[in-house]
Amino acid sequence: MSSNPFDSDEDQGTASGEILEGFLCPICRADLKSIDVLTDHFARQHAEEEDTLKSVFNIFVKAKKKILNNFEDERGGAAAGSSSSSTAAGGASSSANGNGADQRVLSNARSRFNVFNYMSKQQVGAECSHFEYFQSVRNPRLERYASETNKLIIRLHRLLKDLPTDSVQRKQHEQQTVAWLDGTSVKLCPSCAKSFHIARRQHHCRLCGGIMCNDCSKFLALENALQLASLSTSRSEPMQHMHQGDSAIRLCEHCLWLLDTRQDMHESRTCRPLLVQVYEQIRQLQKDVTPDLDMYLKIINSLHEGETIFTITDASALRGKIGQVAEAMDMRSKRILAIYCEPGSREESLKKAIRLSCIQAIKERMLSLPPLPNEAHIQQIQERKRMETEQRILTEQRMAMEAYERYGLGATTIQSGGGLESGTFAQGSDLQSINNWSAPQASTSTSKSSLDDPLIEQINIIKGYIKQARQDMNFEVVETLELNLRELQREVYERQRKSQNSAAASPEVEQQQS
Amino acid sequence: MNLISGIKLYIEKMCAESGPGMKIILLDKETTSIISMAFSQSDMLQREVYLFERLDSGRSNERLKYLKCIVFIRPTKQNIQLLANELRNPKYSAYYIYFSNIIPRTDIKYLAECDESESVREVKELYADYLCVNPNLFSLNMPNCMSNLNWLPDALTRSMQGITAVLLSLKLNPVIRYRAGSQAAQLLAKMIYEQITKDSTLFDFRSNMDGSAPPLLLVLDRRDDPVTPLLHQWTYQAMVHELLQIKNNRVDLSDRPNVPKDFKELVLSGDQDEFYGTNMYANYGEIGATIKTLMEEFQRKANDQKKVESIADMKNFIESYPQFKKMSGTVQKHLCIIGELSGLSNKRNLFELSELEQEIACKAEHSAQLQRIKKLIADERVTIEDALKLVALYALRYERHANCDTSSLLQIIKSRGGRAQIVPALIEYAGNHVRQGDLFNMVRITDAVKLTRNLIKGLKGVENVFTQHTPLLKETLEDIFKGRELDPVFPAINSELVPFRRPPQELVVFIIGGATYEEALAVHQLNNSGYKIILGGTTIHNSQSFINEVLTATNGIQFKHTKSMIKYCSTDNI
């Protein structure tokens, strides 16, 4: 029966996306209420399609049978089987559809899951940088200022280098270094526009020679000036003797501003008070401890899973280390808090904020770590796992060794093959003394062969490294080494098994040769 | 399409670009709220931002040269001036300047001329210029955006900037449609369009190259649907806003009696508060059940904590204490809020009120409803505000009804001393003469589809009398995603982008005059079934703030459509 009526019906049903029930005409899909009406309708409307008519009858026959016999008789017929499976599949798919719809309805109705947790990955939005343009405006100005300031500093340097203490000499020296503007034609102070007379005399900026009145003059303290000119104060010791009024250099506002700005920039670039130093230590500690925190979580997880890469002592050692870091951070943040500052100042709130963030970091990241697992519990898990693996290893070993001893001939070929390599691994053999793995090995096989095997040597070396890495609490290295170790051990078993096979094969070869 | 992560990514970028070291962040009033909606203080501390300061605070000239300074401000004239002063006299070692919106080039030049000590390291526009309330909801915090039923000029610019920022942060270059007949919507749409064409390089996202329909920006007008903000809400977030008011994700309980001191101001951020995030859209009954299970869990844990007998128990306690504390905080906070809500609901007889409100909004039964209104608004337990809301709903619904009896209801309100002028103002603001779309499902016989739909609705009955109302917005959105013809009701301003009858993949809706949390819920439900919709408004309204907005918007206009209520219009004779 190639044209399965169920199939055709099903196809139509799924194609239109709905499932119809009742006494359907398979051709025009009208619902005809009763079987008599349907056959009648079919005979009249679709008389020419005799085959289909038959198949319609078949449907009823089958349906009846199914209901009565509960599929039992039908299994024999292949066609019937396919039909029943198709209905079953149809039923399943429709019920799946129903489920899907239900789920959609549920999520529509009132979704109770957290809308914030299912954020899809999102790119950062658009941005537009204006820095290039900003620089193109700023930098030419800054360069102009910079060259001007440099000129001033060179003059300042010359001015201060051999500044005479005597006031007349000093004036001469000053005028020699920087030519003063001719003041005869200047009637008004250029900056405040007041006229000069007996009481308001002309003064000159010592760096640009410009004219101003006393009120508009600014003064740069000699100490600052020396610092700016990068002359050491010790050299100018004699100048300390000068009286008050002379211990500063008269400048115009612009020159002073240029020098001030330079000093500011210099300061802000080199400024590193104690607060910053301690803060940087804290950040460094925090940065260093982050991999440890991840490692700790990893160790705990692996312990709970019964893996033997890490031990519980590893975990507690690491936890101890983290605790120490937390303590160090706490101490340093307290130290920051103790640095003196004006009450109510910005600095004070800064220090408080740093302390707060330290406490937070310690609390949330370090103290909230999961506790050490129960030792007995972990041991139980590990024991079970170890027993399983050991059992497997032992059986494999026994098989390998049995084969090995039975066909001693095969061993020579392996050894000669490995002999070349053993030279390359020999350098690491100083760690061979930590030979705790090969002990059980030695008991089952001849100690000579196990020690000579380069792989086993390598294993011992790695064992030593692991021990060292543990002492240094370098758990990442421990992990990779442990994994390497496992691989090597597996390799050894593989080879032993292979040698057993080859040993089994070689006598045959020899027999053939003989 | 997630607004909160949009803002977060921007702020993280700011913090990352300034490199390691202690930082201060300089903000203005609005950017302060923008950041506070997305990040808590401890989040910022983790990013080495230790100090927050307002650019306009004018505090002492204390110099902290070892600090880096992140400046995040809106590009307003005043801010530029303040920043210029700051740069002329820099207090910090380096400045990283971020503007939250498009800034004119002349301002950049001006600032560059002020940076004489070379302390600026970065100048950038990052478009975090809106308040993200939920992942799908933003607000611009403008409680009033109109006067004389026209835009306030500042509100118009701010709206334009806010929407462009949303578009830029989500990288959308949309088709812009606006509600036909609404001057405000048309004006705003036009301004956004002009901004986009002016900065076309910024909006040059190549995402639409694969031939999918471009995103859509829909500018709507609150005046089309004055009912939604007037109804009492029963979902958690909306209910809290209606009864206790949420402002920038914060609930102020300081004037409530019996609230413990720690809970005077509560932060409700779904991002930081797991419980709130999960339950913000759940309704009152569900919340009650959830909080009960949470309480039980909490009590169980608390009991576990109590039996500290051995050292090991003690150690366990200390180790799980932070989580325990966190959890107890959450439980107590929400318990406190729920307590307030249930107290208010009972006191104000909200169940009966809400049922009637919903029925007025959804069913047309004039005389029966009128009787019930009359009975309820005379009830002393019903507050005058709630009574007014009922009358307002009635007046909106039966504005054109032959037996409309708003006047007598207003008389009752007035005799109780209520502000009766609210109702005529509301009719002027959003009466039948302005509304488009059928707010109350007044179906003409010719519209066969709608008629059958309503019939089916009627047959099915309602599952919950308190939540039968669905906002008009939902219907609009469904129409859009079904690919209905939009041009007559929502003409496009940049029609060259309009695809041929294909629904958009992404949709940003902006409601002039404020969105509501009920609409946010509708958007959320649609988003759950796979659409991508963002909702925004000039503000997020509850009924009181909406009424205030209506009063300010209609202040000073001539009342043309409410002649019958003229004697209630003036404010003096209360």
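Residues numbered from 1 in each chain as written. Chains lettered and ligands numbered in written order. Predicted model: local features only at pLDDT ≥ 70, side-chain atom pairs only at ≥ 80, totals over all residues.

**Quick look at the overall build of chain A**
Next, step 1: Per the secondary structure count, chain A includes 17 helices and five strands.
Next, step 2: For chain A, buried positions account for 18% of its 514 residues. (Helix = DSSP H or I, 4+ residues; strand = E, 2+ residues; numbered from the N terminus. Buried ≥ 20, exposed ≤ 12 C-beta atoms within 10 Å, placed from the backbone.)

**Brief notes about the sheet that holds strand β5 (residues 120-126) of chain B**
Sheet strands pair via backbone hydrogen bonds, and the direction of the pair is either parallel or antiparallel.
Next, step 1: Taken together, the six strands give an open sheet; going across it, the order is β1(A)-β5(B)-β4(B)-β3(B)-β1(B)-β2(B), and neighbouring strands pair in mixed fashion. Strand pairing shows two members of the sheet lacking a second neighbour, β1 (127-129) of chain A together with β2 (49-54) of chain B, which therefore form its edges. If you compare each strand with its neighbour and ignore which way they point, the axes differ by 25 degrees on average.
Next, step 2: As paired elements, strand β1 (residues 23-27) of chain B and β2(B) share five bridges and run parallel to each other. Paired with Leu27(B) across the bridge in β2(B) is Arg54(B).
Next, step 3: Contacts from helix α5 (residues 131-161) of chain A reach β1 of chain A together with β5 of chain B within the one sheet, and its direction differs from that of β5(B) by about 140 degrees. (Pairing = 2+ DSSP bridges. Axes fitted to C-alpha atoms, helices over the stretch in contact; angles between N-to-C directions. Contact = placed C-beta atoms within 7 Å.)

**Quick word on the confidence of the model for chain A**
Residue and element names in this part refer to chain A.
Next, step 1: Model confidence for chain A is summarised by a mean pLDDT of 70, while 62% of its residues fall at 70 or above.
Next, step 2: Confidence, read as mean pLDDT per element, is least for helix α4 (residues 78-109) in chain A (38) and greatest for β1 (89).
Next, step 3: Of the regions scoring below 50 in pLDDT, residues 1-17 engages in 23 contacts with residues more than four places distant in sequence or in other chains.
Next, step 4: In this model residues 70-114 is a low-confidence stretch, pLDDT under 50, and it forms 39 contacts with partners more than four residues away in sequence or in other chains. (pLDDT = per-residue confidence, 0-100.)

**Considerations on the sheet that holds strand β12 (residues 246-247) of chain B**
Residues and elements named next belong to chain B.
Next, step 1: On the basis of which strands lie adjacent, the open sheet formed by three strands has the order β12-β13-β14 and antiparallel pairing. Of all the strands in the sheet, the pair left with one neighbour each is β12 and β14 (265-267).
Next, step 2: Sheet analysis places strand β13 (residues 250-252) next to β14, joined by three bridges and oriented antiparallel. Bridging across to β14, valine 251 finds its partner in leucine 266.

**Regarding the interface of chain B and chain A**
Next, step 1: Across the boundary between the two partners, chain B contributes 58 residues, which contact 54 residues of chain A.
Next, step 2: Broken down by element, the side of chain B that touches chain A gets its largest block of residues, six residues, from β5(B).
Next, step 3: When grouped by side-chain class, the residues that make up the side of chain B that touches chain A number 22 nonpolar, 19 polar and 17 charged.
Next, step 4: Bridge count between β1(A) and β5(B): three bridges; the pairing is antiparallel. Note that in β5(B) the partner of Glu127(A) across the bridge is Leu126(B). (Nonpolar A, V, L, I, M, F, W, Y, C, P; charged D, E, K, R; others polar.)

**Details of the packing of α5(A) against helix α8 (residues 253-270) of chain A**
Residues and elements named next belong to chain A.
Next, step 1: Across the interface, α5 lies against α8 with an axial gap of 10 Å and an inter-helix angle of 100 degrees. For the element pair α5 / α8, the angle class is roughly perpendicular. Of the residues in α8, those in contact with Tyr145, Glu148, Thr149 and Leu152 of α5 are Cys255, Leu258, Leu259 and Arg262.
Next, step 2: Partitioning the contact of α5 with α8 into residue classes produces five nonpolar, one polar and two charged. (Parallel < 35°, antiparallel > 145°, perpendicular 65-115°, else oblique.)

**Points about the environment of His377(A)**
Next, step 1: Relative to the helices and strands, His377(A) resides in helix α12 (residues 375-406).
Next, step 2: For the pair His377(A) and Gly306(A), spaced 71 residues apart in sequence, the C-alpha to C-alpha distance is 9.7 Å.

**Some remarks on the confidence of the model for chain B**
Next, step 1: On average, residues of chain B score 84 in pLDDT, and 88% of them are at 70 or above.
Next, step 2: Interface confidence in the predicted complex, given as ipTM, is 0.82; pTM for the same model is 0.74.

**Topic: the nonpolar core**
Next, step 1: Val71(B), Cys132(B), Val219(B), Val391(B), Ala392(B), Val423(B) and Leu426(B) are the most contacted members of the largest nonpolar core, which has 191 residues in total.
Next, step 2: When residues in this core are grouped by element, the largest group, nine residues, is from helix α14 (residues 384-397) of chain B.
Next, step 3: In this structure, Leu152(A), Leu159(A), Cys208(A) and Cys213(A) belong to the second largest nonpolar core, which totals 20 residues. (Core = buried A, V, L, I, M, F, W, Y, C linked by C-beta atoms within 7 Å.)

**Focus on the pairing of strand β3 (residues 64-73) of chain B**
Along any regular strand the residues' side chains alternate between the sheet's two faces.
Residues and elements named next belong to chain B.
Next, step 1: Counting buried positions over the 10 residues of β3 gives nine, a clear majority of the element.
Next, step 2: The pairing of β1 with β3 spans five bridges and is parallel. Opposite leucine 26, over in β3, you have valine 71 as the bridge partner.
Next, step 3: Note that β3 and strand β4 (residues 92-99) share seven bridges and pair parallel. For leucine 64, the partnering residue across the bridge sits in β4 and is tyrosine 92.

**Points about helix α2 (residues 29-38) of chain B**
All names here are of chain B.
Next, step 1: Listed in full, the buried residues belonging to α2 are Thr31, Ile34, Ile35, Met37 and Ala38. Buried residues along α2 cover an arc of 160 degrees about the axis, so they all sit on one side.
Next, step 2: Buried residues belonging to α2 abut α1 (3-17), β1, β3 and β6 (131-134). (Arc of directions from axis to C-beta.)

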